[in-house]
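Chain residues, written in single-letter form:
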Amino acid sequence: MVFTGRPNAGKSSIIRKVAGLEVTIGKRPGTTRRISKYPLSSDLVLVDMPGFGRMMGASKRLEDKKNDQIIKFLESCAQNIALAVHVLDISTFLEVTWRLEKKGFISVDVEMVQFLTEILGESPLVAANKIDKVHRRELEANLEEFMHQIGKGSLFIVGEHVFPVSAKTGEGLSALKNSIHKRLEAKGYRTLSKMGL
Ligand SMILES: Nc1nc2c(ncn2[C@@H]2O[C@H](COP(=O)(O)OP(=O)(O)OP(=O)(O)O)[C@@H](O)[C@H]2O)c(=O)[nH]1
Ligand SMILES: [Mg+2]
């Protein structure tokens, strides 16, 4: 099971809350530097990925190298990935997307979700994190834009694939956790005692 997302999106924070693992979190992007593996049971490993996409403070070369490593890892393991959870910072989604659009790029989050869907042959779960940082109306606008962008040619549904959550307050995490559990159970994984499931 892999957790992907841009630097600082809150991947490690969500893993802490959802799986109860003592993974390192940090205020600055680039906290998780390596592809970090944590066994959950005899046949399931949880993988905390470093941030994917632009990394403030890193040289373009290092950034490309890191991103390349992540893509290669995901591609080479695709057959063995039971579940992917993509974590994004929904509180800044519109702002970041506009900035990227001006430069002619599409959202890294949208790209990653599409890439995961392609290599896994099924949709990843999406944790739309940091909902505590915005007011409801702003959250709705950001979520709507994300769903609009992701919806092109696919069928993502809030509450089924996309979960608004806050790793800080815990809001929405039980729904995400339930969904992770259901997906894994459907694939025959049972005793996830470390996840408290
Ligand atoms: N307000 C708020 N802050 C959060 C939330 N989730 C994570 N953070 C904060 O965001 C920062 C980054 O969290 P991490 O969990 O280290 O993020 P990451 O995606 O693992 O980052 P990298 O390992 O650097 O790629 C930390 O300061 C967290 O405390 C959230 O839901 N709300
Ligand atoms: Mg991390």
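Everything below is about the structure shown above.
Computed from a predicted model, the values in this text were never measured in an experiment. (Residues numbered from 1 in each chain as written. Chains lettered and ligands numbered in written order. Predicted model: local features only at pLDDT ≥ 70, side-chain atom pairs only at ≥ 80, totals over all residues. Heavy atoms only, no water.)

Asker: Mind showing me how you'd approach the pairing of strand S5 (residues 125–129) here?
Answerer: As a general feature of sheets, a regular strand has side chains that alternate between the two faces. The buried count for S5 comes to 5 of 5 residues, which makes it a mostly enclosed element. On S5, burial covers both faces: Leu125, Ala127 and Asn129 on one face and Val126 and Ala128 on the other are all buried. Sheet topology places strand S4 (residues 84–89) next to S5; 5 bridges connect them, and they run parallel. Counterpart to aspartate 89 in the pairing with S5 is asparagine 129. (Buried < 20%, exposed > 50% of the residue type's maximum accessible area, 1.4 Å probe, protein only. Helix = DSSP H or I, 4+ residues; strand = E, 2+ residues; numbered from the N terminus. Pairing = 2+ DSSP bridges.)

Asker: Would you explain the nonpolar core in this entry?
Answerer: Phe3, Ile14, Val85, Leu176 and Ile180 are the most contacted members of the largest nonpolar core, which has 26 residues in total. Mapped by element, the contributors of at least two residues to this core are helix H1 (11–19), strand S3 (44–48), S4, S5 and helix H6 (173–186). Core analysis: the second largest hydrophobic core is formed by 16 residues, Ile131, Ile150, Phe156 and Val162 among them. (Core = buried A, V, L, I, M, F, W, Y, C linked by side-chain atoms within 4.5 Å.)

Asker: Please clarify how the site of ligand 1 should be interpreted in this entry.
Answerer: Surrounding ligand 1, one finds 24 residues, the nearest of these being Lys11, Ser13, Gly30, Thr31 and Asp132. One of the backbone N or O atoms of alanine 9 is found 3.2 Å from an oxygen atom in ligand 1. Side-chain polar atom of asparagine 129 to an oxygen atom of ligand 1: 3.1 Å apart, as the coordinates give it. Here ligand 1 loses 89% of its free accessible area of 660 Å² to cover by the protein chains. Here the shell around ligand 1 is composed, by residue class, of 5 nonpolar, 11 polar and 8 charged. (Near = heavy atom within 4 Å. Polar contact = N/O pair within 3.5 Å; in protein donor to acceptor, adjacent residues only side chain to side chain. Areas by Shrake-Rupley, 256 points an atom, 1.4 Å probe, with all protein chains shown as cover. Nonpolar A, V, L, I, M, F, W, Y, C, P; charged D, E, K, R; others polar.)

Asker: I'm lost on the side chain of lysine 11 in this one. Help?
Answerer: In this structure, lysine 11 sits in helix H1. One buried charged side chain, lysine 11, makes no salt bridge at all; its nearest oppositely charged neighbour is aspartate 48, positioned 6.0 Å away. Apart from the residues within four sequence positions on either side, lysine 11 is in contact with Phe3, Thr4, Gly5, Arg6, Asp48, Met49, Pro50, Gly51 and Val87. (Lys, Arg positive; Asp, Glu negative; His and termini not counted. Salt bridge = Lys/Arg side-chain N within 4 Å of Asp/Glu carboxyl O. Contact = heavy atoms within 4.5 Å.)

Asker: Teacher, can you tell me more about the coordination of the magnesium ion (ligand 2) here?
Answerer: Octahedral six-donor coordination of a metal ideally yields angles of 90 or 180 degrees, compared with 109.5 degrees for tetrahedral four-donor coordination. Surrounding the magnesium ion (ligand 2) are the protein donor atoms Ser12 (OG) and Thr32 (OG1), at 2.0 to 2.2 Å. With serine 12 in helix H1 and threonine 32 in the loop between H1 and strand S2 (36–41), this residue pair connects regions lying 20 residues apart in the sequence. In this structure, serine 12 and threonine 32 share a single accessibility class: buried. (Donors = N, O, S within 2.8 Å, 3.2 Å for Na, K, Ca; no water.)

Asker: Whenever I open this one, the pairing of S3 confuses me. Can you help?
Answerer: Counted residue by residue, S3 has 4 buried out of 5 residues, so it is predominantly covered. When S2 meets S3, the two strands line up antiparallel, connected through 5 bridges. Looking across to S3, one finds that serine 41 is bridged to leucine 44. Adjacent in sequence and paired antiparallel, S2 and S3 are bridged by 2 residues.

Read these as layout, nothing more, since geometry by itself doesn't imply function.
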